[in-house]
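# Inside the fold
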Amino acid sequence: MTTTKNASHREPMTDSETVREDLEYTRQHLADTVQELTRRLNVPHRMKETASSAGHRMSGVAGQTGQKMKQVPGAMKELPATSKRHPKATAAIGGAIAVGAGAAVWMSRRHK
């Protein structure tokens, strides 16, 4: 391997320097590999990290859901006006809900 000691002087490295550099690279690579394996094999720590991450995600989702739920009363107030503007759509949605509820009751009684 003919690398240089100093890029400005372009002096070729001796064989022993090349071997030392390769050895140092190999040591660093091995240390990184051992560290990664240690991290992967530390199952309790990984489980805590995963649980913590899931908890943070759920907290965010709960916050978003809470914000959306605060908007529901306003939407409910607008519902009568919306249904007056779109009576056919309101009737279709109401019919679909009634059919769905009836089907659910029928299926639950049938499986008993």
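This text goes with the structure placed above it.
These numbers come from a predicted model, not from an experiment.

About the criteria used
Per chain, residues are indexed from 1 in the order of the written sequence. Only residues with pLDDT of 70 or above have their local features reported here, since the model is predicted, and side-chain atom pairs are shown and tallied only from 80 upward, although totals for entire chains, interfaces and linings are computed over all residues. No hydrogens and no water enter the side-chain calculation; it runs on all heavy atoms of the structure. Helix and strand assignments come from DSSP, with helices taken as H or I runs of at least 4 residues and strands as E runs of at least 2, each series counted from the N terminus. Partly exposed residues are those whose accessible area sits between 20% and 50% of the maximum for their type, while under 20% is buried and over 50% is exposed, using a 1.4 Å probe and protein chains only. Here the Shrake-Rupley method, with its probe set to 1.4 Å, supplies the accessible areas, and only the displayed protein chains count as covering residues. Working convention for charge: Lys and Arg count positive, Asp and Glu count negative, and His plus the chain ends are omitted. Every charge is mapped onto a representative atom, which is NZ of Lys, CZ of Arg, CG of Asp or CD of Glu. By definition here, a salt bridge exists when the distance from a side-chain nitrogen of Lys or Arg to a carboxyl oxygen of Asp or Glu is within 4 Å. Expected span, for any helix, means 1.5 Å times one less than how many residues it has. The angle between axes fitted to the seven residues ending at a residue and the seven residues starting there is what we call the bend at that residue.

What follows concerns the overall build of the protein. Within the protein one finds 3 helices and 0 strands. Counting from the amino terminus, helix and strand elements in the protein follow one another as α-α-α. Expressed along its principal axes, the backbone C-alpha trace of the protein runs to roughly 90 × 45 × 25 Å. Buried positions account for 2% of the 112 residues belonging to the protein. For the protein, the exposed surface amounts to about 10,100 Å²; the carbon and sulfur share of it is 63%. Of note, the protein has its 18 positive side-chain charges centred 32 Å away from the centre of its 10 negative side-chain charges.

This model, assessed by the stated rule, comprises 2 salt bridges. Glu36 is the partner of Arg39 in a salt bridge, and the nearest nitrogen-oxygen pair spans 2.9 Å. With Arg39 and Glu36 both in helix α1 (residues 15-41) and 3 residues apart, the pair spans about one turn of that helix. Using a relative accessible area of 30% as the deciding quantity, one classes Glu36 as partly exposed.

Before going further, it helps to spend a moment on the environment of Leu37. Within the secondary structure layout, Leu37 lies in helix α1. Expressed as a C-alpha distance, the spacing of Leu37 and His111, which sit 74 residues apart in the sequence, is 52 Å.

With that settled, consider the environment of Thr90. Of note, Thr90 is situated in helix α3 (residues 87-110). Sequence separation between Thr90 and Asn42 is 48 residues; the distance between their C-alpha atoms is 57 Å.

Over its 43 residues, helix α2 (residues 43-85) runs 59 Å from end to end, which matches the ideal 63 Å to within 8%, given 1.5 Å per residue. At Leu79, α2 shows its strongest bend, of approximately 40°, with the proline Pro80 following within four residues.

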